[in-house]
Amino acid sequence: MKELIQNETIRKTVFIILAAICLTPLVSSPIALALGFGLAVFIGNPFEQHLHRYIHLLLQVSIVGLGFGLKLDEALQAGKTGFFLTVVSIFTVMVLGYFLGKVFKLEKKLSYLISAGTAICGGSAIAAVSPIIKPGTKEISLGLAIVFTLNSIALFIYPAVGHLLQLSQEQFGLWCAVGIHDTSSVVGAAGKYGNEALKIATTVKLARALWIIPVSVITMFIFKNKESKIKIPWFIGWFILAILLNTYFPLFDGFSSSVVTSLAKSGLNLTLFFIGSTLSTQTLKTIGIKPLAAAVILWIVISVGSLLYIISQ
């Protein structure tokens, strides 16, 4: 079909129509991702060269918007609940990732990218440590492809498992924040499960994202590169400000905050559509069996381990 639709205008029109549909309540997060991937496979993405810079910006703006649906006490409670699990899971994944890299004889930098992406926050963590360890373009692309592929699978699997095990909103939100790599998929899966799960997942995941800072510092010493700058996720500060405004200023109560959070959820759906449209069969073919195997093992360990811990509490 991709060969049949060569007209650039038609391809752009289809892309815009699907993107607009993803902004409506008719499309859930997994469907938005699937639509993007389907477009990439069947007709190709006419805007692929320009999308990557907008994906991160749209995700950050949408996350800040979700802050207007949270109260400070809710955020503090969620952060407190997920702190121990966050610390243990990050340490476990980074150490296990090191040994799996040795077992599968992966390039040290590729192994580290996969471990950091799995341990903290997917593509954002890979983007943060890349300037420090200075991997090749192929290694960065491979790390991102693996992380986004597993994220896409998680977006469908997690809600199904959550319903099968009858997890509570709190349990599922915490599980998403720990077990799914990228923030976009965490929010997408939790949002599909319920509003309470979404609040907990978003807060815990962003608190987890702050671990980019200490991990980046440690990375400098591991790779003996003290001249690199640490990439701090400043948008989390705006998320916290949104929570404070929603907590202490009545202007942001009720209708105003619900409108903002609804727009934020639509923005996240669009983000997932964009992410799906950057994946393709060609991208997936670049993933080697060894790095994929290492990434899948890390993902299974963190998913199953965190789930067992959460259920046992």
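Reading guide: rules and limits
- Residues numbered from 1 in each chain as written.
- Predicted model: local features only at pLDDT ≥ 70, side-chain atom pairs only at ≥ 80, totals over all residues.
- Heavy atoms only, no water.
- Helix = DSSP H or I, 4+ residues; strand = E, 2+ residues; numbered from the N terminus.
- Rg over C-alpha atoms; globule rule 2.2 N^0.38 Å.
- Buried < 20%, exposed > 50% of the residue type's maximum accessible area, 1.4 Å probe, protein only.
- Areas by Shrake-Rupley, 256 points an atom, 1.4 Å probe, with all protein chains shown as cover.
- Expected span 1.5 Å × (residues − 1).
- Disulfide = S-S within 2.5 Å.
- Core = buried A, V, L, I, M, F, W, Y, C linked by side-chain atoms within 4.5 Å.
- Contact = heavy atoms within 4.5 Å.

*Asks:* Could you give me a rundown of the overall build of the protein, with the residues and numbers involved?
*Replies:* Scanning the protein from terminus to terminus reveals 15 helices and 0 strands. Whereas a compact globule of 313 residues would reach a radius of gyration of roughly 20 Å, the protein reaches 19 Å, a difference of no more than 12%. Dimensions of the protein, computed from the C-alpha atoms along their principal axes, are close to 55 × 55 × 45 Å. Each of the 313 residues in the protein was classed as buried or not, and the buried ones make up 51%. A total accessible area of about 15100 Å² is found for the protein, and carbon and sulfur atoms account for 70% of it.

*Asks:* So what's going on with helix α10 (residues 195-209)? Residues and values would help.
*Replies:* An ideal rise of 1.5 Å per residue puts 21 Å on 15 residues; α10 measures up with 21 Å between its terminal C-alpha atoms. Here α10 lies mainly inside the structure; 11 of its 15 residues are buried. Every buried residue of α10 is listed here: A197, L198, I200, A201, T202, T203, V204, K205, L206, R208 and A209.

*Asks:* Would you mind going over the state of the cysteines in detail, with residue names and values included?
*Replies:* The full count for this structure, using the stated rule, is 0 disulfides. Among the cysteines around C121, which has no disulfide bond, C176 carries the closest sulfur, lying 15 Å off. Judged by its relative accessible area of 0%, C176 is buried.

*Asks:* Describe in detail the nonpolar core, supporting the description with residues and values.
*Replies:* In this structure, I63, I120, Y158, F172, C176 and F273 are the most contacted members of the largest nonpolar core, which totals 89 residues. When near neighbours in sequence (up to four residues on either side) are disregarded, I120 contacts I90, A125, H181, K205, R208, A209, W211, I212 and V215.

*Asks:* I'd love a proper account of helix α15 (residues 289-312), names of residues and values included.
*Replies:* Helix length check: α15 (24 residues) gives 34 Å between terminal C-alpha atoms against 34 Å at 1.5 Å per residue, within 8%. The complete set of buried residues in α15 reads P291, A294, A295, L298, W299, I302, S303, S306, L307 and I310. Where α15 is buried, its residues contact α4 (72-103), α5 (108-121), α7 (137-164) and α8 (169-179).

Purely spatial values, then, with no claim about function.
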